[in-house]
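Residues per chain, in single letters:
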Amino acid sequence: MTWGDGTRVVHSTPSAPGEPFLAGPVFASAYHLGGEDTYGRAHNPTWRALETALGGLDGGTAVLFPSGMAAISTFLRVVLKPGDVVMVPGDGYYLTRTLVAEMPVEVVEVPTAGPYPSFDGVRLVLLESPSNPGLDVCDIAALVEAAHAAGTLVAVDNTTATPLGQQPLLLGADAVVSSDTKAVAGHSDVLLGHVSTSDPALAERVRAARTTGGAIPGPFEAWLAHRGLGTLDLRLSRQAANAAALYDVLKAHPAVTGLRWPGAPEDPAHVVAAKQMRRFGGVLTFELADAGAVAAFLERSRLVFASTSFGGLHTSLDRRAQWGDPVPEGLVRLSAGCEDTADLVEDVLGAL
Ligand SMILES: *Cc1c(COP(=O)(O)O)cnc(C)c1O
């Protein structure tokens, strides 16, 4: 029998009799040579424990990084050569677009929902589904098939979905990149990221690039994220329940337009999302009239904090235009936290 999500995250690393359930962080720049660990930039047992856990959840081999962007930039540096063509989501995480724009490659931006042009001559397509902040989705398995037929690699930014929400490697993707700063670590106190792949040779190249490039996670951060991972199932369940309840009251509210949550049966993304996602998480997107309306909402709410991250215990809201996303002034991404549903619904309705 395969384990459910709660069991998988609690038992994501083996523990033997006489050992703690989760070993504490190992702080070492140098090791007494003789074992598998040589130097702190190359090896760390605390990273390895979390990599085992995340790789298991993703269905591949994970390589840990100190942030999502460190994971993405190292992965791109490994797979792209100067002059290559890379396809990225035009509505996806804005720093990924900034990053590729600064690289000596040719960039094609495509909206997550498509339509996708031919993959001929494209070295890598980076998908982001659901996309941040628009929460559009794309059919990962169908795009993988078309891309592979053209010899194109496929990577998926799985940050919004998390490994419990979606397993792109099992849908055929060559790699997953993730910001574990968000729901995976989940407590708004650590930055971390990872790359997963089912290709052991690619994993080895990414690992070697981390050692050479030197963008390595701190052991304490890795340990904190691992400690947080154990409650991912519980947190996502509460966040999704809160998102569903908020969706129901927001969709009926006259001050709200453009409401999106892939978990809602009436959402345009739901059919594709339901095909490839196992759960929908707690992130909603909607629009208020303008920046002033968002500020007034935040002023009146006691439970919704302005914050440019998501996936944490606290319900938070981010007006994306303030960071330069090409979206309307009043568009917000709301990340439902782990508060009691009734308290959150009452607070949000009161603030609206
Ligand atoms: C936050 C985020 C990133 C960047 O991750 P950091 O950990 O902040 O470096 C990348 N992709 C998506 C979709 C994100 O939400």
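Throughout this description, residue numbers start from 1 for each chain and increase along the sequence as written. Owing to the predicted nature of the model, reporting of local features is limited to residues with pLDDT of at least 70; listing and counting of side-chain atom pairs is limited to 80 or more, with chain, interface and lining totals taken over all residues. Computation of side-chain values: all heavy atoms of the structure, hydrogens and water removed.

**Side note on the packing of aromatic side chains**
Filter applied, for reference: Between rings of Phe, Tyr and Trp, where Trp is taken as its six-membered ring, a pair exists when centres lie within 6.5 Å; planes separated by under 30 degrees are stacked, by over 60 edge-to-face, and by other angles tilted. For the purposes of this entry, the term helix denotes a DSSP run of H or I that reaches at least four residues, the term strand denotes a run of E that reaches at least two, and both are numbered from the N terminus. Put simply, a charge is over a ring when the Lys NZ or the Arg CZ is close to the ring centre, within 6 Å, and near the line of the ring normal, within 35 degrees.
For the structure shown, the criterion picks out 5 aromatic pairs. Ring centres of Phe220 and Trp223 lie 5.9 Å apart, and the angle between their planes is 25 degrees; this geometry places the pair in the stacked category. Within this pair, Phe220 and its partner Trp223 are both found in helix H7 (residues 219-229), separated by 3 residues, close to a single helical turn. Aromatic pair Tyr247 and Trp261: ring centres 6.4 Å apart, planes at 45 degrees, arrangement tilted. Of this pair, Tyr247 sits in helix H8 (residues 232-251) while Trp261 sits in the loop between strand E8 (257-260) and helix H9 (270-276), and the two are 14 residues apart along the sequence. Feature note: the residues Tyr247, Trp261 and Phe280 constitute an aromatic cluster, connected by ring pairs. Over the ring of Tyr93 we find Lys182, and its NZ or CZ is 5.4 Å from the ring centre.

**Quick look at unusual backbone geometry**
Let me state the cut-off plainly: A 1.4 Å probe rolled over the protein chains alone gives each residue an accessible area, and that area as a share of the maximum for its type sets the label: buried under 20%, exposed over 50%, partly exposed in between.
Along the chain, Gly114 connects to Pro115 via a cis peptide bond; the corresponding omega equals 5 degrees. Cis geometry is adopted by the peptide bond preceding Pro133, which originates at Asn132 and carries an omega value of 15 degrees. Following the sequence through the fold, Pro133 ends up in the loop between strand E4 (124-128) and helix H5 (140-149). With a phi close to 60 degrees, Leu135 is a non-glycine residue in the positive phi region. Turning to its location among the elements, Leu135 is positioned in the loop between E4 and H5. By relative accessible area, which is 2% here, Leu135 ends up buried. Positive phi values are uncommon outside glycine, yet Ser188 reaches one of about 55 degrees. By secondary structure assignment, the location of Ser188 is in the loop between strand E6 (175-179) and strand E7 (193-197).

**Some points on the UniProt feature "modified residue: N6-(pyridoxal phosphate)lysine" (unreviewed entry) in the protein**
Basically, it comes down to this: UniProt positions are given in the numbering used here, feature names are shortened, and annotations may be inferred rather than shown by experiment. Contact criterion: two residues are considered in contact whenever any of their non-hydrogen atoms come within 4.5 Å of each other.
UniProt records the feature "modified residue: N6-(pyridoxal phosphate)lysine" (unreviewed entry) for Lys182 in the present numbering. Examined against the element boundaries, Lys182 turns out to sit in the loop between E6 and E7. Non-local contacts of Lys182, meaning those with residues more than four positions away in its chain, are made with Thr159, Ser309, Phe310 and Gly311.

**Observations concerning the sheet that holds strand E11 (residues 316-319)**
Within a sheet, adjacent strands bond to each other through the backbone by hydrogen bonds, running parallel or antiparallel. Note the cut-off: Two strands pair if DSSP finds at least two bridges between them. Interaxial angle, 0 to 180 degrees, is taken between N-to-C directions of lines fitted to C-alpha atoms, where a helix line uses only the stretch in contact.
Judged by pairing direction, the sheet is mixed, and its 5 strands sit side by side in the order E8-E9-E12-E11-E10 without closing on themselves. Edge positions in the sheet fall to E8 and strand E10 (305-306), since each of these pairs with one other strand and no more. Bridging between E11 and strand E12 (residues 331-335) involves 4 bridges; their strand directions are antiparallel. When the bridges of E12 are listed, Arg319 appears paired with Val332. Where H8 meets the sheet, it contacts E8, strand E9 (283-287) and E12, and its direction lies at approximately 15 degrees from that of E9. Packed onto the sheet, helix H10 (residues 291-300) meets E10, E11 and E12 and runs at close to 160 degrees relative to E11.

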